[in-house]
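Read off the chains here:
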Amino acid sequence: MLKALALLEVTCKFGDDSCPFPAPGAEIFFFPPITSFTGPDGSAWEFNKPVLFAGVAALVVIIFFLTAFARPKLVPRGMQNLGEVIYIFFKNHFAKDVIGQGGEKYIPLLMSLFSFIWIMNLSSIIPGIQFPITSRFAFPLILSLIVYFTFIGVGIKSQGVGAYFKGVAFPDVQPRAILVLLTPLEILSTFIIRPATLAIRLFANMFAGHLLLVIFSVSAWYLLNLTNFVGVVSVVGYVGSIASFIMTIVLTAFEMFIQLLQAYIFTLLTAMFIAEAQSAHH
Amino acid sequence: MGILAELTGSIGSIGFGLAAIGPGVGIGIIFGNGVQAIARQPEAYGVIRQNMILGFALAEALALIGFVAPFVFGT
């Protein structure tokens, strides 16, 4: 919150008629670079806080899975217990139920996606970072592109190039005349809209959540004007400030649920796309 | 002809308000039918809950795209 206020350059509070509520907009998502160097095309490649913590999140995931699975023992000890619980959940739920046959070879991809996305989402409520890394669109975009090329690759490998694209464009529906409507919709949906909404869903959830938390935090500060001790204005200010603070806490709890849910939905949709690419459309 | 009517101010808020109508109805239908399905067959609670959550996330995405679009495309 203090950083948001610093970014918004505000020094006044409620009751002071010269400045209105400093509504945070998209500018709170941009950070000054920690260091910056010129890339090969001459533009400045900035190393700022989201990039730093994306690296930290990747390191955390790698270290966790290395400690869990580096030297697996028959009777699990320590971190391997937790790793095995997570692996068994992914095996039963995603590999067997959603993907079906041959699902086991996609478990590493699904586990990596889930863990990485969840830890990047969690950085929104970790004190000190307090910024969801997935709310910078580049990260969900690249993850969605990975999923996109993966499921097209799976489709081509398991059904052959011609059969896969024909299966997507001309599904087996009975009044064949309906294909006039259905084919453009299916092509548009499978190859353009679904990967785009996969990225945008994750990005928009984290963006909206962070913006809401900042609005309530800033209003808790803004409304708490202790210099106007008399009058109705100050009482309204105190009540509003306490209410905003309570709303911040409630929304943090809601955000924790949404972060886990969005990571799960991303992984579930990845598994569903792979399952759909793998099965011949019957 | 000059301008007959004009909308000024935060048009993004109006856009988000309009964008929230459809997903609101959709999510209500999803969870309503889900609860009914659970009432009919309580043993299938796990499967029903999973499909409810999937449907909720897909419908919610559109409402949130409506929330984010004014920030991305706005002035």
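Conventions we followed
Residues numbered from 1 in each chain as written. Chains lettered and ligands numbered in written order. Predicted model: local features only at pLDDT ≥ 70, side-chain atom pairs only at ≥ 80, totals over all residues. Helix = DSSP H or I, 4+ residues; strand = E, 2+ residues; numbered from the N terminus. Rg over C-alpha atoms; globule rule 2.2 N^0.38 Å. Contact = placed C-beta atoms within 7 Å. Expected span 1.5 Å × (residues − 1). Bend = angle between axes of the 7 residues up to and from the residue. Nonpolar A, V, L, I, M, F, W, Y, C, P; charged D, E, K, R; others polar. Buried ≥ 20, exposed ≤ 12 C-beta atoms within 10 Å, placed from the backbone. Pairing = 2+ DSSP bridges. Core = buried A, V, L, I, M, F, W, Y, C linked by C-beta atoms within 7 Å. pLDDT = per-residue confidence, 0-100. Axes fitted to C-alpha atoms, helices over the stretch in contact; angles between N-to-C directions. Parallel < 35°, antiparallel > 145°, perpendicular 65-115°, else oblique. Left-handed = near helix turned anticlockwise from the far one by under 90°.

1. What to know about the overall build of chain A
Then comes step 1: Counting secondary structure elements, chain A contains 8 helices and 2 strands.
Then comes step 2: Beginning at the N terminus, the succession of helices and strands in chain A can be written as α-β-β-α-α-α-α-α-α-α.
Then comes step 3: Expected size for 282 residues packed as a compact globule is a radius of gyration near 19 Å; at 24 Å, chain A overshoots this value by more than 25%.
Then comes step 4: Its C-alpha atoms give chain A principal-axis dimensions of about 75 × 60 × 45 Å.
Then comes step 5: By sequence separation, contacts in chain A at least 24 residues apart represent 63% of the contacts at least 6 residues apart.

2. Thoughts on helix H3 (residues 45-73) of chain B
Then comes step 1: The end-to-end C-alpha separation of H3(B) is 42 Å, in line with the 42 Å expected for 29 residues at 1.5 Å each.
Then comes step 2: The principal kink in H3(B), of about 30°, is found at Phe67(B), preceding the proline Pro70(B) by one to four residues.

3. So, the interface of chain B and chain A
Then comes step 1: Taken together, the contacts link 9 residues of chain B with 12 residues of chain A.
Then comes step 2: Here the residues of the side of chain B that touches chain A are counted per class, giving 9 nonpolar, no polar and no charged.

4. Looking at the environment of Pro171(A)
All names here are of chain A.
Then comes step 1: Relative to the assigned elements, Pro171 resides in the loop between helix H6 (161-169) and helix H7 (179-223).
Then comes step 2: On the basis of neighbour count, Pro171 is assigned to the partly exposed category, with 13 C-beta atoms found within 10 Å.
Then comes step 3: Separated by 12 residues in the primary sequence, Pro171 and Thr183 place their C-alpha atoms 8.1 Å from one another.

5. Concerning the pairing of strand E2 (residues 44-47) of chain A
Then comes step 1: Examined bridge by bridge, strand E1 (residues 35-38) of chain A and E2(A) share 4 bridges and lie antiparallel to one another. Across the sheet, the residue bridging to Ser36(A) is Glu46(A), located in E2(A).

6. Focus: the environment of Ile14(B)
Then comes step 1: With respect to the helices and strands, Ile14(B) occurs in helix H1 (residues 11-19).
Then comes step 2: Sequence spacing of Ile14(B) and Pro70(B) is 56 residues, and the spatial spacing of their C-alpha atoms is 9.9 Å.

7. Side note on the nonpolar core
Taken as a class, soluble globular proteins show a tendency for nonpolar side chains to be buried jointly.
Then comes step 1: Ranked by size, the top nonpolar core spans 54 residues in total, and within it Ile117(A), Ala204(A) and Ile274(A) carry the most contacts.
Then comes step 2: Elements that contribute at least two residues to this core include exactly helix H2 (49-69), helix H3 (79-99), helix H4 (107-122), helix H5 (138-159), H7 and helix H8 (232-278) of chain A together with H3 of chain B.
Then comes step 3: When residues of this core are assigned to their parent elements, the largest contribution, 16 residues, is made by H7(A).
Then comes step 4: Residues contacting Ile117(A), with those up to four places away along its chain left out, are Thr134(A), Leu143(A), Leu202(A), Ala263(A) and Phe266(A).

8. Considering the confidence of the model for chain A
Then comes step 1: Mean pLDDT for chain A: 86, with 91% of residues reaching 70 or above.
Then comes step 2: Per-element confidence in chain A ranges from a low mean pLDDT of 63 for helix H1 (residues 2-8) of chain A to a high of 94 for H4(A).

9. Quick look at the packing of H3(A) against H4(A)
Residue and element names in this part refer to chain A.
Then comes step 1: At a minimum axis separation of 10 Å, H3 and H4 run at an interaxial angle of 115°. One finds that H3 runs roughly perpendicular with respect to H4. The two elements H3 and H4 cross, and the hand of that crossing is right-handed. Contact residues: Ile86, Phe90, Lys91, Phe94 and Ala95 in H3; Ile107, Leu110 and Met111 in H4.
Then comes step 2: Split by residue class, the contact of H3 with H4 holds 7 nonpolar, no polar and 1 charged.

10. Focus on the packing of H5(A) against H7(A)
All names here are of chain A.
Then comes step 1: At their nearest, the axes of H5 and H7 sit 9 Å apart, and the two run at 150° to each other. By the criterion of interaxial angle, the relationship of H5 to H7 is roughly antiparallel. With respect to the hand of their crossing, H5 and H7 are arranged in right-handed fashion. The segment H5 lies against H7, with Pro140, Leu141, Ser144, Val147 and Tyr148 engaging Pro195, Leu198, Ala199, Leu202 and Phe203.
Then comes step 2: Per-class residue counts for the contact of H5 with H7 are 9 nonpolar, 1 polar and no charged.

11. Looking at the confidence of the model for chain B
Then comes step 1: In the predicted model, chain B carries a mean pLDDT of 92, and 99% of its residues have values of at least 70.
Then comes step 2: Scoring the predicted complex yields pTM 0.89 and, for the interface, ipTM 0.87.

12. Things to note about the environment of Glu46(A)
All names here are of chain A.
Then comes step 1: Mapped onto the elements, Glu46 comes out in strand E2.
Then comes step 2: Spatially, the C-alpha atoms of Glu46 and Thr35 are 6.2 Å apart, while their sequence positions differ by 11 residues.
Then comes step 3: For Glu46, the contacting residues outside a window of four places in its chain are Pro33 and Ser36.

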